[in-house]
Amino acid sequence: MDRTAPATSLQKIVIPYPRVSLADVLGNAVLALVGVAFALPLLWMIFASLDKNAGWRIRLPNLTLENFGSIVTAQGLQPFVNSFYLAAVTTVVATALALLAAYPLSRRYVPGKRSVTLLILFASGLPVTMMLVPIYQMYATLHWLDSRFTTSLFLAATALPFAIWLLMNYISAVPLELEEAAGIEGAGTLRTLFSVVMPLILPGLCVTAVYNFITAWGAFIVPLVLDSTPEDQPGTVAIYQFLGAHGMIQFGQLSAFSLLFSLPVVVLYLLIGRSFQGGFAFGGGVRG
Amino acid sequence: MAEVRFEHVYKLFGAHAAVEDLSLDIADGEFLVLLGPSGCGKTTSLRMLAGLERPTYGRIEIGGRTVNALPPKARDVAMVFQSYALFPHKTVRGNLAFGLKVRHTPRPQIRQLVEEVASMLGLSRLLEKRPAQLSGGERQRVALGRALLRRPQVFLLDEPLSNLDAALRAQMRAELIRLHSSVNATIVYVTHDQAEAMTMATRIAVMCKGHLSQVDTPQEIYDHPSDLFVACFVGLPKMNIVRGRLTNAQDEPVVELLGMRVKPDPHRLRTPGPESRNEILVGIRPEDVLPVPDNAPGVTARVELVEPLGSETLVTSRIADDTTLVARFPARSPVVRGEAIRLGLNTQHLHLFDPITDKSLLRKVSQPGKTLRPETVAV
Amino acid sequence: MAAGDERKRAEDHPTFEPSSAALLSLPAAFLVFLFAGPILYALYLGFTNLQLIGPHAQSWWFTGLANPRRLLHDSIFFHSIGLTLIFVIASGIIGQTLFGLILALLMRRALAPIRLSVGMIVVAAWVVPEVTAAFIWYAFSQAGGTLGIVLGMLQTNFLFSAPMTTVCIANLWRGTAFCMLVFSAALRNLPNEVLEAADVEGASRLQCLFSVTLPLLGPTIVTNLLLVTILNLSDFTLIYTMTQGGPGTSTMTLPIYIYQEAFTYYELGYGTTISLVLILIGAILSLLFVRRVGAQQ
């Protein structure tokens, strides 16, 4: 038979549970340890940048801001400007072209669409930096060497396949009916792309653009090979030069420089990180 | 096999109470169905029994043991999930054998037990297939088999038939009933389908918004619903609810409804609360609304909808004060839309409810079988 | 979803729309010129005696199989392949993948503050530009550097005494985050009821892990392995910044060897020949990856 408790006596029976198990404690401890181990190198860089006499070893710094001060001179800032130039041009070119390519590929009828799509994915997996010799040769013949602009063009070309792939996925999420409605209203392909599709994939577009920016910001071997004028050096090459310099390496200054150099990328990742994490769900493939 | 007890169990998610003060005893060998609409707390209660959720307050006992602090694997229960939850990477055999392998049962014994259960459920041909290659009904039987192999104290089933088509559902219902009697297990079964509950349960526990409304045998639930919710939820088509009044005439209670007067059994009647001012709600099941000749006590109504089901005809009609009544007419009744008909009531099966608390105003009688014996008095 | 409808609609008008051609032409030309073009050019250059500076800088010609023959007798080349394999397998396949998987698994049940902060730190190591990572680890492995302090070997310059190991560890530090993110996402997408069923059936945590969770992750693990291999195969920046391939040739993986031959010794032709090998390996891996993705869709 059922027992209905009388409304007046609301007994609340509380039964305690075993709070933690050994496995949980161990797991958290190991994780924390790993976290500390991973943080150590970053901490070193931060401390060294603030340290008056930074050395190789990690230690609490003799606090100072001179290291940062020494960067904010004309020569100190030039690599940042160059990196920004490269990254900006690459991003604009790559994202725009990717959009132009991704739209027909994911919507319109293109002969062999499926193979082209897979080909694009295939291309993004190629060891692109190994095309450097032929591209160097091509650029040399065209007198395109030693220019930030032409370097960005090549960076954009290497970023293009993956950017197309990313945007294709975002575009396919837009319902086809919206474009068909626009078509009935008389909009042409280009107009549909810019007035209907683009606003709807704006978040995806931003993610792609930021991804391109981050990748181009960290570009090393391409600018190293294609542009040897010292004034054009991006931050990556600058850091490398400092390391290879004979004589005393100013760890403090270099750390400050590296820290500042890493900052834009870290900030950008914080902004798009959440949406990009969704993209890590392969389900067995890339952004399926 | 074991008995199950919920004692003042609450489950709170933040401020929201999914289950509120659930107290329920389930006897050994019972087939108890937790019935209710979505969000009523039935699945949460089942999961608390399984150990997949922890009660915020209250005690849960299986076989006399308090199991609150025990993880699912220590409770000796088996569960069939709504989605069947088969291991997609294992074969049918692997799925069935999982529980035994985990308990380090010797391999020859596993083989024998698996083949026994497989033949009992008609799965022998499918043993080497993977879940993706099976139909819905086959997957369901594998899930059932996995549970059976464990020989647990309690079987928990979470809407196992809801993903099957109608024909298969009816077939599986029969199989489950047969299984229950042959295995003599304690089964706790969750569903929102009142037909399933009525046909399979030894007792039904109707839940609404986290509360237990009523626990009783199917027939009792149907004949004597304890509140408006149970009355309307069980029984298809839904019970008709009309407004009425409870008055005293010559010291005897009289129910007035639809222009008729009925005398309820005074021994069973509860007085409505002071707020209701003699207004009550009266429930009449469609099978208790009958066509009557023009001179018999009843109401005149205009037919709005005729739904011939083949075995009977459902007639929806509207009476003068805008109330609609659904009635079960015999098959092939020559009723047409727009026609004026006269409807009478089988006053033996009237249900009376307090309009404020929704509770039934008729106490359950201690001897089963006694019903109302009112007199109808023509107005 | 709309995919099936799309295809049907596309098949309704099988004509190649001129608007598509217009849109595609610019990116296509761009890609062909700057991407496909160099690859094809490489196929030619690899069999020439082109030099950056020297007698064959101006007048160079096709030399047939001379470069491949030279390759087959080049001991550094084979040494380099071996180092590349060690790098990819040790720090990529074993290191990053295993580590990323373990971290993702541990993070499932960890307390929120620990999970969030460790996650952030690990990802920070990945987001930071590769040169910066190289610089940090360069400093770390100097004599008297932090690595020495932690291991109690203060006199050792690890970049000299154990260069390959050091470089692998640096790469592990840098790249684990990617695998961790992939596996975390995959774990979140696992069918919850299947795991609950395993729990109810009586499996211990370990049994759940090995009998259910890991098999369910199988496809993701394989796809990820391919991706990790592709990514690590052509890694240049980290190693070059830290060691330039040295000391001697002890960290001269293929990408670095290619760079050295082409731009330090000015043998552009021969350098291209070596890079053709790398492109070939990368192409095979990329093909395998694409087939997996294609099969899933």
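Quick word on the overall build of chain C
Reasoning step 1: When helices and strands are counted, chain C shows 14 helices and zero strands.
Reasoning step 2: Along chain C, helices and strands appear, N-terminal first, in the series α-α-α-α-α-α-α-α-α-α-α-α-α-α.
Reasoning step 3: Taking 297 residues into account, the globule formula puts the C-alpha radius of gyration at 19 Å, and chain C, at 24 Å, lies well above it.
Reasoning step 4: Reported as C-alpha extents along the three principal axes, the dimensions of chain C are approximately 75 × 75 × 30 Å.
Reasoning step 5: For chain C, buried positions account for 47% of its 297 residues.
Reasoning step 6: The long-range share in chain C, meaning contacts at least 24 apart out of those at least 6 apart in sequence, stands at 68%.

Here's the deal with the interface of chain B and chain C
Reasoning step 1: Tallying the contact residues gives 16 residues for chain B and 13 residues for chain C.
Reasoning step 2: For the side of chain B that touches chain C, the residue count by class is 11 nonpolar, three polar and two charged.

What about the pairing of strand E17 (residues 312-319) of chain B?
All names here are of chain B.
Reasoning step 1: Here strand E16 (residues 299-308) runs beside E17; their pairing, made up of seven bridges, is antiparallel. Bridge pairing links leucine 305 to threonine 316 in E17.
Reasoning step 2: The pairing of E17 with strand E18 (residues 324-330) spans seven bridges and is classified as antiparallel. Paired with threonine 316 across the bridge in E18 is valine 326.
Reasoning step 3: Turn length for the E17-E18 hairpin, with the two strands adjacent in sequence and antiparallel, is four residues, and the turn residue aspartate 322 shows positive phi of about 75°.

Some words on the sheet that holds E17(B)
Paired through their backbone hydrogen bonds, the strands of a sheet run either parallel or antiparallel.
Residue and element names in this part refer to chain B.
Reasoning step 1: Pairing is antiparallel across the open sheet formed by five strands, whose spatial order is E15-E19-E16-E17-E18. Every interior strand has two partners, whereas the edge strands, strand E15 (289-291) and E18, have only one. Pairs of neighbouring strands in the sheet enclose a mean axial angle of 50°, with direction left out of account.

With respect to the interface of chain C and chain A
Reasoning step 1: Every contact between the two is made by 91 residues of chain C and, on the other side, 78 residues of chain A.
Reasoning step 2: It is helix H14 (residues 268-296) of chain C that provides the largest number of residues to the side of chain C that touches chain A, a total of 17 residues.
Reasoning step 3: Across the side of chain C that touches chain A, the residue classes break down as 61 nonpolar, 23 polar and seven charged.

Quick notes on the confidence of the model for chain A
Atomic detail in the predicted coordinates should be set aside for any region of low pLDDT.
Residue and element names in this part refer to chain A.
Reasoning step 1: Per-residue pLDDT for chain A has a mean of 79; in total, 83% of the residues score no lower than 70.
Reasoning step 2: At the level of individual helices and strands, chain A shows its lowest average pLDDT in helix H2 (residues 66-71), which scores 72, and its highest in helix H10 (residues 221-226), which scores 90.
Reasoning step 3: In this model residues 281-288 is a low-confidence stretch, pLDDT under 50, and it forms 25 contacts with partners more than four residues away in sequence or in other chains.

Quick notes on the pairing of strand E10 (residues 211-216) of chain B
All names here are of chain B.
Reasoning step 1: Counting buried residues in E10 gives five out of six residues, a clear majority hidden from the surface.
Reasoning step 2: Here strand E9 (residues 203-208) runs beside E10; their pairing, made up of five bridges, is antiparallel. Bridge pairing in E10 links alanine 205 to valine 215.
Reasoning step 3: Counted along the chain from E9 to the antiparallel partner E10, the turn is two residues long, and its residue lysine 209 has a positive phi close to 50°.

Here we look at the nonpolar core
Reasoning step 1: Ranked by size, the top nonpolar core spans 152 residues in total, and within it Ala98(A), Ala102(A), Leu160(A), Ile164(A) and Leu167(A) carry the most contacts.
Reasoning step 2: No other element matches the 16 residues that helix H6 (residues 148-172) of chain A contributes to this core.
Reasoning step 3: Domain assignment of the residues forming this core places at least three in each of domain 1 (22-64) and domain 2 (71-278) of chain A.
Reasoning step 4: Apart from the residues lying within four places of it in its own chain, the contact partners of Leu167(A) are Ala98(A), Leu99(A), Ala102(A), Gly204(A) and Thr208(A).
Reasoning step 5: Listed in part, the 108 residues of the second largest apolar core include Ala143(B), Ile221(B), Val255(B) and Ala198(C).

A few points about unusual backbone geometry
Residues apart from glycine generally show negative phi values, whereas peptide bonds are mostly found in trans.
Reasoning step 1: Residue Pro237(B) is bonded to the preceding Leu236(B) through a cis peptide linkage, with omega at -5°.
Reasoning step 2: The residue Pro237(B) is located in the loop between helix H8 (228-233) and strand E11 (240-249) in this model.
Reasoning step 3: A positive phi angle, near 60°, is found at His143(A), a position not held by glycine.
Reasoning step 4: Given 9 C-beta atoms within 10 Å, His143(A) falls into the exposed group.
Reasoning step 5: Even without a glycine there, the phi angle at Tyr266(C) is positive, about 65°.
Reasoning step 6: Structurally, the position occupied by Tyr266(C) is in the loop between helix H13 (254-264) and H14.

Overview of the environment of Ala96(A)
Reasoning step 1: Assignment of secondary structure puts Ala96(A) in helix H3 (residues 74-106).
Reasoning step 2: Taking the C-alpha atoms as reference, Ala96(A) lies 9.1 Å from Ala209(A); in sequence the two are 113 residues apart.

A short note on helix H11 (residues 205-233) of chain C
Reasoning step 1: Between the first and last C-alpha of H11(C) there are merely 36 Å, a value that for 29 residues lags more than 12% behind the 42 Å anticipated at 1.5 Å per step.
Reasoning step 2: Within H11(C), the axis deviates most sharply at Gly218(C), by approximately 50°, and proline Pro219(C) lies no more than four positions further along.

Focus: the sheet that holds strand E1 (residues 4-13) of chain B
Residue and element names in this part refer to chain B.
Reasoning step 1: As summarised here, the arrangement of the four strands in space is E2-E1-E4-E5, forming an open sheet in which the pairing is antiparallel. The open sheet has two edge strands with one neighbour each: strand E2 (16-26) and strand E5 (65-66).
Reasoning step 2: Taken together, the five bridges between E1 and strand E4 (residues 57-62) define a ladder with antiparallel strand orientation. In the strand pairing of E4, valine 4 is matched with isoleucine 62.

What counts and how
Residues numbered from 1 in each chain as written. Chains lettered and ligands numbered in written order. Predicted model: local features only at pLDDT ≥ 70, side-chain atom pairs only at ≥ 80, totals over all residues. Helix = DSSP H or I, 4+ residues; strand = E, 2+ residues; numbered from the N terminus. Rg over C-alpha atoms; globule rule 2.2 N^0.38 Å. Buried ≥ 20, exposed ≤ 12 C-beta atoms within 10 Å, placed from the backbone. Contact = placed C-beta atoms within 7 Å. Nonpolar A, V, L, I, M, F, W, Y, C, P; charged D, E, K, R; others polar. Pairing = 2+ DSSP bridges. Axes fitted to C-alpha atoms, helices over the stretch in contact; angles between N-to-C directions. pLDDT = per-residue confidence, 0-100. Core = buried A, V, L, I, M, F, W, Y, C linked by C-beta atoms within 7 Å. Domains from an automatic or database assignment. Expected span 1.5 Å × (residues − 1). Bend = angle between axes of the 7 residues up to and from the residue.

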